[in-house]
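Residue-level structure breakdown
Here's the letter readout for the chains.
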Amino acid sequence: MLNDKLAQIASDEQEAGKKYKHQIHVCVASGCLTAHSDKIKDALSAEVERRGLTGECQVKGVGCLGLCAGGPTVSVDGAFYQQVTESDAAEIVANLGKAPVSRLEVPADQPFFGRQMKIVLENSGKIDPTRIEDYIAVGGYSVLQKVLNTLSPAEVLDQVSRSGLRGRGGAGYPTGLKWGTVAKNQGPQKYVICNADEGDPGAFMDRSVLESDPHRVLEGMAIAAYAVGASRGYLYVRAEYPLAIGHLKNAITQAERLGLLGNRIFDNPFSFHLEVRVGAGAYVCGEETALIASIEGKRGTPSPRPPYPAEHGLWGCPTLINNVETYANVTPILRNGGDWYAAIGKDKSKGTKVFSMTGEINNTGVIEVPMGITLREIIYEIGGGLPEGKRFKAVQTGGPGGGCIPEQYLDTPIDYESLTKLGSMMGSGGMIVIGETTCMVDMAKFFMEFCMSESCGKCVPCRVGTAEMYDLLDKITRGEATLDDLAMLEKLADMVKSMSLCGLGQGAPSPVQSTLRYFREEYIAHIVDKHCPAGVCNIAVAERTTA
Amino acid sequence: MLPSLSVPHPEDQRWQPVIGTMRRHGFASEALIETLHTVQSAFGYLDLEALRFVAANLRVPLSRVYGVATFYHLFTLTPPARHTCVVCTGTACHIKGAGKILAAAEKVLGLTPGETSPDGSVALHVERCIGSCGPAPLVVYDDEVVGYLTPDLAVKRTQDWMSHVK
């Protein structure tokens, strides 16, 4: 029954959409919403009504349009408008069917749009994330239908393995391999978990996906559950994302109502029940064993691995845990085949990657690019370079466990291995561009302060080591450190990295090590010359007042 | 299924959603975090009476309830201020000078991060990243996000907001 109903909803929606000659899409995801894009949407709706155009022009709230720097953003029949205000509504509606309002328009040939490749974000900014019908109209849940009706779990696994997809949460573990392990492990109950505890400061890709296309993640999780033999799932979302939480809960209710979640989906023996769990502001819960503890209602402290969650996870049962973006890739892979996906990207890093670009960059926003694209292309073509002609200094990837990549490596193609070789890592996709006015020692201190206060305290190397390293970095930025302190800092970095229990502690020294690798002279300037070359640290101010 | 449901103040309707959350999870211990979320959204913070009530009904030691309540940053054991000024200190804001913005807010409000004014009206907080990195650096005054700040602008905006809420 559901089999026919899905096709019916899709065709009804497509028919309903056809009657509109014009489409106005207003971004109502978090970024633009802070600039009151909901009011702009209301103003546009009112203007459309005032002109009696409700029958031919549809005004729709959509997810992220990508170019957050231009927020609030609106797309009108394909033309992209930025920095729209309520007072622009009349002019926008008056120009429907005519030339776009040039004052607001971002040219379509802008490399920001042209250089991207959208797979995960294909529906972002096009569909209304609060309506399941919108998702179904663009083919949503038809892949789940195809999978359940025509493929065996082993065939699904095979497609995912062939795709070469690797975990998008940061570590890059082959997804097919992980799924295979969970599928092999026997147990009366298995679980599927989506890690949506996006905590890296400066990273907001997963939020963008959840706010723009929540059903896409649900469908990916359902396919994963079928492949590994799980019947229950959890979405663990950080509490700081209220809009994403709302969209997900709404999406689950809608899917349950249609029978796309629940018992005997598409009249198959397969059942899948999904729940949202809200985090409570602990960064360490992004670590999978800590996240599982948190779902169990405990303090989010990590446990040593092995055993891995694949064999001993939630309540001791085999558990598959993947990141938001990983699940969002599942549906297109099963729709087009693993080989199609494997043809995108490069040798060991297939497909695309979503990045959030912030810092000293013109086009702040969320982008999706094929693996293998260079950092220079991302920063200078898509990102539009640095504002006010500032000089590029480094790009920080991988969050507090990643590192800085300086100018001489800008032509490095983006893939898991290359970034690791440079002392950084792919991470979940936060990309922070740093200009000449930023002090690298201060940057390292910033990340160390983060790790120090987010350390859960379970293991000594992380709990004590990050605090000691922070003190040393603080001493350096105050111009009070000696070269012996620097030697101690390096020794501690090695120790904390090799001896900590989980990824938080193991990664904490990376920003220090990578800035020491590429910007050692800045450390020396602080220690020996008592001078901050970027003029950020307090010693520079003291000097200026005495001069 | 209903253990010692002795609600501290039965006439206080705010306990109803708390009981509802526990009931929905069958009073299982795993509902602890979800229940604390409900308590905090109903009462604004977690007091000892609430922690005891939750511990008894989920049959979890009070020490574990306290441990969880203090482990997670979002839970607070003190009543919230009536108005909050939140300075974002995420990476993008940091690069664009959040330190100076915070210093400006501290000076105007006469508070350090995490501190509430003695009369309980205003509190200053810092947040890691509110995720709207486009208009960095930014400050959230109650529910209003104000971006593209400079230290001078931050002083002015904070003064305006103070005179408005006091």
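What this report covers is the structure whose coordinates are included nearby. (Residues numbered from 1 in each chain as written. Chains lettered and ligands numbered in written order. Predicted model: local features only at pLDDT ≥ 70, side-chain atom pairs only at ≥ 80, totals over all residues. Heavy atoms only, no water.)

1. A few points about the overall build of chain B
Scanning chain B for helices and strands turns up seven helices and four strands. Overall size of chain B, expressed as C-alpha extent along the three principal axes, is 60 × 30 × 25 Å. Within chain B, the proportion of its 166 residues that are buried is 48%. Summed over its atoms, the accessible surface of chain B is roughly 7,800 Å², and 55% of this surface lies on carbon and sulfur atoms. Taking the 14 positively charged and 15 negatively charged side chains of chain B as two groups, their mean positions are separated by 4 Å. (Helix = DSSP H or I, 4+ residues; strand = E, 2+ residues; numbered from the N terminus. Buried < 20%, exposed > 50% of the residue type's maximum accessible area, 1.4 Å probe, protein only. Areas by Shrake-Rupley, 256 points an atom, 1.4 Å probe, with all protein chains shown as cover. Lys, Arg positive; Asp, Glu negative; His and termini not counted. Charge placed at Lys NZ, Arg CZ, Asp CG, Glu CD.)

2. Some details on the environment of A:Val84
Residue and element names in this part refer to chain A. Along the chain, the position of Val 84 falls in the loop between β4 (79-81) and α4 (89-94). Overall, Val 84 belongs to the buried group, its relative accessible area being 2%. Considering only alpha carbons, one finds Val 84 and Pro 72, twelve residues apart in sequence, at a separation of 5.6 Å. Once residues lying within four places of it in the same chain are set aside, the contact partners of Val 84 are Ile 40, Pro 72, Val 74 and Ile 92. (Contact = heavy atoms within 4.5 Å.)

3. Side note on helix α4 (residues 62-71) of chain B
The complete set of buried residues in α4(B) reads B:Val65, B:Gly67, B:Val68, B:Ala69 and B:Phe71. Of the surrounding secondary structure, the elements contacted by the buried residues of α4(B) are α2 (32-43) and α3 (48-58) of chain B.

4. Points about helix α12 (residues 242-258) of chain A
Residue and element names in this part refer to chain A. Spanning 17 residues, α12 covers 25 Å between terminal C-alpha atoms, matching the ideal 24 Å at 1.5 Å per step. Ala 244, Ile 245, His 247, Leu 248, Ala 251, Ile 252, Gln 254, Ala 255 and Leu 258 are the residues of α12 that are buried. In this structure, the buried side of α12 is in contact with α1 (2-18), α6 (132-137), α10 (205-212), α11 (214-228), β7 (232-237) and β8 (273-278). (Expected span 1.5 Å × (residues − 1).)

5. Considerations on the pairing of β7(A)
Residues and elements named next belong to chain A. Taking burial as the measure, the six residues of β7 include five buried ones, the bulk of the element. Two elements, strand β6 (residues 191-196) and β7, share six bridges in a ladder whose sense is parallel. Following the sheet pairing, Asn 195 is matched in β7 by Tyr 236. Pairing geometry for β7 and β8, over six bridges, is parallel. Considered in β8, the bridge of Tyr 234 is made with Glu 275. For the segment spanning β7, α12 and β8, crossover handedness is right-handed. (Pairing = 2+ DSSP bridges. Right-handed = clockwise from strand over helix to strand, strands pointing away.)

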